[in-house]
Amino acid sequence: MKYEVIILGGGIAGSSLAYHLCKKGVRTVLIDRSVDPDGATAVSGGIVTRLQDHPDDIKYAIYASRFYREIDSSRESISDGLLSIEDEEYAINDYNRYRSILGDIELYEPTEIRDRWPYLNIHEDELGIYSRNDLTVNPRKFLEIIWSRIEDFGCEILRGYTATHIICKEDYAKAVMLSNYELVHGDLIVSCLGAWNKSFLRSNGVKVKTYLISIPIFKFRVEENLDVGIWDDEVYGYWRPDENHIIGGGYDGYIVKYPHEGFGEPMGYSYDLALDIFKFRFNFRYFKLVDAWTGVASFTYNYKPIADVSKKFKNLYIIDGLGGEGLVRAPALSLNLAREIASRWI
């Protein structure tokens, strides 16, 4: 069977693109190496906040917050609310900057934070910016939901297959060869392989200027449920609720050359840092580190994401370089790309 669009990779970029295309009636196939959602998105931190430094990322996050609520209306994978803890001076400046754009944010004094979230350690020179419309995501659970949704829309998902080669004729990509040597034909191909994009595309003569960072993530069991996501600007850390657990850590990633080098267990010093920033911010009487892992994020050198056609093939598009902000950036980028595909190619 020939498809209008072949999407490689079922993480947040690929699955959200499939969702937008299928809603437009585009005959789409999604190819993923895993039988069930896995990969970099599934093991990511899960923070979606509109309190971003760059105006484009604010726009991406505004759309993303609506997108997750649209897909998961029953709130199986998402939790509302995020508190950004910052130095007093920075918090006031950020609050004044954001409030003209985000009407729902509130500025909290230390006593107000302690009263509402008594498990937090708050210092007198800190303030909190609370956004009830920001959210945290259980990314693996969300991918399960959106995969089901796009299948309901008629998207075929080829699970457990890896794309190995792009079959081309002149400057057009005509098909994709899978790991079982079968060919999947399509009018257009979109590579959304995240950490695997660079190596896959390079093997097919396509260059992307990105680099990979492995980021550690930690899971603590605690005595009571965390009822808000935390962005900790003071120690550059983040935390999200997960029933009677907290998942998060600090951004102490390290560069890796190949994707497989960046998945696994964190380095020893990362454990020490995670414990330090956990105890710095929380005052739970009981807590226990129960799990830890690493995921890989793809970065561009100017930190701007890629969502465009390749220079080698006129009908090969690439989404890449989401910079550890895939959950924030991918939904809007995929929506814009779906619109371009539908208007230009379909």
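Conventions used here
- Residues numbered from 1 in each chain as written.
- Predicted model: local features only at pLDDT ≥ 70, side-chain atom pairs only at ≥ 80, totals over all residues.
- Heavy atoms only, no water.
- Helix = DSSP H or I, 4+ residues; strand = E, 2+ residues; numbered from the N terminus.
- Rg over C-alpha atoms; globule rule 2.2 N^0.38 Å.
- Contact = heavy atoms within 4.5 Å.
- Areas by Shrake-Rupley, 256 points an atom, 1.4 Å probe, with all protein chains shown as cover.
- Lys, Arg positive; Asp, Glu negative; His and termini not counted.
- Charge placed at Lys NZ, Arg CZ, Asp CG, Glu CD.
- 1 Å grid on protein atoms, 1.4 Å probe; cavity = no way out; pocket = protein on both sides within 12 Å on 5 of 7 lines; lining within 4 Å.
- Points joined across faces, edges and corners; volume = space filled by probe spheres on them.
- Nonpolar A, V, L, I, M, F, W, Y, C, P; charged D, E, K, R; others polar.
- Phe/Tyr/Trp six-rings, centres within 6.5 Å; stacked < 30°, edge-to-face > 60°.
- Axes fitted to C-alpha atoms, helices over the stretch in contact; angles between N-to-C directions.
- Parallel < 35°, antiparallel > 145°, perpendicular 65-115°, else oblique.
- Buried < 20%, exposed > 50% of the residue type's maximum accessible area, 1.4 Å probe, protein only.
- Expected span 1.5 Å × (residues − 1).
- Pairing = 2+ DSSP bridges.

## Quick word on the overall build of the chain
Here is step 1: The secondary structure content of the chain amounts to nine helices and 18 strands.
Here is step 2: Computed over C-alpha atoms, the radius of gyration of the chain comes to 21 Å, within 12% of the 20 Å expected from 2.2 N^0.38 for 346 residues, which places it in the range of a compact globule.
Here is step 3: Taking the principal axes of its C-alpha atoms as reference, the chain extends roughly 65 × 45 × 35 Å.
Here is step 4: The contacts in the chain between residues at least 6 apart in sequence include a share of 73% that link residues at least 24 apart.
Here is step 5: For the chain, the accessible area works out to roughly 15,400 Å², and carbon and sulfur atoms hold 47% of it.
Here is step 6: With 40 positive and 51 negative side-chain charges, the chain shows a separation of 9 Å between the mean positions of the two kinds.

## Overview of the layout of surface pockets
Here is step 1: In this structure, the second largest pocket encloses a volume near 430 Å³.
Here is step 2: Around the second largest pocket sit 16 residues that line it, and Lys-207, Val-208, Lys-209, Ile-306 and Lys-311 are the ones nearest its centre.
Here is step 3: Considering only residue class, the lining of the second largest pocket consists of six nonpolar, four polar and six charged.

## Observations concerning the packing of aromatic side chains
Here is step 1: Under the definition given, this model contains 25 aromatic pairs.
Here is step 2: On the basis of an interplanar angle of 35° and a centroid distance of 6.1 Å, the ring pair of Tyr-63 and Phe-67 is categorised as tilted. Taken as a pair, Tyr-63 and Phe-67 lie in helix H3 (residues 55-71) at a separation of four residues, close to a single helical turn.
Here is step 3: Aromatic rings pair up to connect Tyr-119, Phe-220, Trp-239, Phe-278, Phe-282, Phe-284 and Phe-287 into one cluster.

## A look at the packing of H3 against helix H9 (residues 326-344)
Geometrically, a packed helix pair is captured by the angle between its two axes and the distance between the axes.
Here is step 1: The interhelical angle for the contact between H3 and H9, taken along N-to-C directions, is 85°, at an axis separation of 7 Å. As summarised for this structure, H3 and H9 are arranged roughly perpendicular, according to the angle between their axes. On the side of H3, the interface is formed by Asp-57, Tyr-60, Ala-61, Tyr-63, Ala-64, Phe-67 and Tyr-68, while H9 contributes Leu-327, Val-328, Arg-329, Pro-331, Ala-332, Leu-333 and Leu-335.
Here is step 2: Looking at the contact of H3 with H9, its residues break down into twelve nonpolar, no polar and two charged.

## Examining unusual backbone geometry
Here is step 1: Not every positive phi belongs to a glycine, and Arg-75 is a case in point at roughly 60°.
Here is step 2: For Arg-75, the location among the structural elements is in the loop between H3 and strand E4 (78-87).
Here is step 3: Taking relative accessible area as the criterion, Arg-75 reaches 35% and is therefore assigned partly exposed.
Here is step 4: Unusually for a residue other than glycine, Tyr-303 sits at a positive phi of about 65°.

## A word on H3
Here is step 1: Here H3 contains 17 residues, and its C-alpha end-to-end distance of 25 Å stays within 8% of the 24 Å for a straight helix at 1.5 Å per residue.
Here is step 2: Among the residues of H3, those classed as buried are Asp-57, Ile-58, Tyr-60, Ala-61, Tyr-63, Ala-64, Ser-65, Phe-67, Tyr-68, Arg-69 and Ile-71.

## So, the pairing of strand E9 (residues 172-178)
Here is step 1: Alignment of strand E8 (residues 163-169) against E9, held across six bridges, turns out to be antiparallel. The residue bridging Ala-163 from the neighbouring strand is Leu-178, located in E9.
Here is step 2: In the sheet, E9 pairs with strand E10 (residues 183-191) via three bridges, with the strands oriented antiparallel. In the strand pairing of E10, Val-176 is matched with Val-184.
Here is step 3: Hairpin connection from E9 to E10: four residues lie between these consecutive antiparallel strands, with Tyr-181 at a positive phi of about 70°.

Geometric values such as these leave the question of function open.
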